[in-house]
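# Reading the structure
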Amino acid sequence: MRMRADGRVSPEPDTEATGGGPLAGIRILEVGTMLAGPYATMMLADLGAEVTKLEPASGEISRQVSDTYFASLNRGKRSLVIDLTSPEGQQRLGELVAESHALLVNLKPSAIRRLGLTFEALRRWNERIVCVAITGFGLDGGDDPAFDYVVQASTGIAAMTGDPDGPPTLPGYSSADNSTGLTAALGLLAQIVSGRGGQVDVSLYDVMLSQLNYHAAAYLGTGAEPRRRPFGAHSYYVPAQLFPTAEGHLALFITHDGFWKTFAAEAGVGGFETMAERASRREEVLDAVTAALATDTAAGWQNRLRPLGIPAAAVRTLPEALAATPEAIITAGDFRLIRNPIKVAGYEHVYGPPPVLGEAGR
């Protein structure tokens, strides 16, 4: 992929730029901290973009968390030390912007503006620069703290997660940061493909609200509020949740009548033949399925149901999942990490190591 004379992006790959990936020739600057911003640009670097982290002399803050944490979000990038608060640093920023396609930043809105990291501030250097801002509540949403868990609490996610008789619950990973990073990467690429420069504004709050799509639609359309159900049961599909078994828990996801017919025959459960009936008689269905699944282990049910095409899986730990799918593990320098989930025919990802602070100079 490369820029044409008219400013639009040519689909022809620039194979000399960064190893022939689909984003070869695309140059991205990152003023990223912690997770959302660095994750966005790492996904793009995996696909062949040249990503340069602009870091203060002390380094981006996630370097202080742990080496593995930093590597998991920054493989394959370059690092350049720059003081964006100084006139010299601002001059260098402009020079870099003049040679780049996009700049992605995740900081507070006031810091983004103070450091001149918006399209309005940078367009004098490059009219086609794409400036992506990741913030908590939007560039015009103020500086209130908006870390991942705070956003999950404020958008209603924590309130609808967990056991009905327990407290609100958060997932065990940074779902808001990761989701926002992917959304920002999509926005960045969309604006690059348009051939126009401009400001892209992505907030954690907006992204997580958007991911509550069908819950929000139900409430806005009918007034039905989301509610917590035991074992994380789905709002519409029955049975679709975790179930205890003779040993371990099983995730079972029956979405249509064909699945139910096959499952019921294998499990020895009668009745409840239509989706509407299963939804209206939820508790009866769950009692019958729970009793049936208690006769075998989670692993046993998985081995019985999967060959029949039934969506079912025994609950694993992360170590168990990695042991079962070693092909998901890649090497980037001295680190073993998880591969990029995007598979492009004819392209093998090249996973470079995380950058040493300032290795690309100043």
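Anything mentioned here points back to the structure above.
First, a word on scope: everything that follows refers to the structure included in this document.

What counts, and where the lines are drawn
Residues numbered from 1 in each chain as written. Predicted model: local features only at pLDDT ≥ 70, side-chain atom pairs only at ≥ 80, totals over all residues. Heavy atoms only, no water. Helix = DSSP H or I, 4+ residues; strand = E, 2+ residues; numbered from the N terminus. Buried < 20%, exposed > 50% of the residue type's maximum accessible area, 1.4 Å probe, protein only. Contact = heavy atoms within 4.5 Å. Pairing = 2+ DSSP bridges. Axes fitted to C-alpha atoms, helices over the stretch in contact; angles between N-to-C directions. Parallel < 35°, antiparallel > 145°, perpendicular 65-115°, else oblique. Left-handed = near helix turned anticlockwise from the far one by under 90°. Nonpolar A, V, L, I, M, F, W, Y, C, P; charged D, E, K, R; others polar. Phe/Tyr/Trp six-rings, centres within 6.5 Å; stacked < 30°, edge-to-face > 60°.

## Details of the environment of Y39
Secondary-structure assignment places Y39 in helix α2 (residues 36-46). Assessed through its relative accessible area of 15%, Y39 is described here as buried. Through-space distance from the C-alpha of Y39 to that of N74 is 7.2 Å; in sequence the pair is 35 residues apart. Residues within four places of Y39 in sequence aside, it is in contact with L73, N178 and L182.

## As for the pairing of strand β6 (residues 102-106)
For β6, the buried fraction is high: 5 of the 5 residues fall into the buried class. Residues A102, L104 and N106 of β6 are buried on one face, and the alternating residues L103 and V105, pointing to the opposite face, are buried as well. Two strands pair when backbone bridges link them, and strand β3 (residues 27-31) and β6 are joined in this way by 4 bridges, in the parallel orientation. When the sheet's bridge partners are listed, I28 is paired in β6 with A102. As paired elements, β6 and strand β7 (residues 130-135) share 5 bridges and run parallel to each other. Each residue of the ladder has a partner; that of V105, found in β7, is A133.

## Remarks on the sheet that holds strand β10 (residues 249-253)
On the basis of which strands lie adjacent, the open sheet formed by 3 strands has the order β9-β10-β11 and antiparallel pairing. Each edge of the open sheet carries a strand with a single partner, namely β9 (240-244) and β11 (312-314). Averaged over all pairs of adjacent strands, the angle between strand axes in this sheet comes to 20 degrees, irrespective of strand direction. Judged from the 3 bridges that link them, β10 and β11 form a sheet pairing that is antiparallel. Bridge assignment links L252 to a residue of β11, and that residue is A312. Relative to the sheet, helix α13 (residues 282-293) contacts β9 and β10, its axis offset from that of β9 by approximately 45 degrees.

## Digging into the packing of helix α11 (residues 257-267) against α13
Relative to each other, α11 and α13 sit at 45 degrees, their axes nearing to 10 Å. The angle between the axes of α11 and α13 places the two elements in the oblique class. Handedness of the crossing formed by α11 with α13: left-handed. In this structure, α11 contributes W260, F263 and A267 to the contact, and α13 contributes V285, V289, A292 and L293. Among the residues forming the contact of α11 with α13, the class breakdown is 7 nonpolar, no polar and no charged.

## Here we look at the packing of aromatic side chains
All chains considered together, the criterion is met by 5 aromatic pairs. Ring centres of F137 and Y205 lie 5.6 Å apart, and the angle between their planes is 50 degrees; this geometry places the pair in the tilted category. Residue F137 is found in the loop between β7 and α7 (148-154), and its partner Y205 is found in helix α9 (residues 204-210); the two are separated by 68 residues along the sequence. Aromatic rings pair up to connect W260, F263 and F272 into one cluster.

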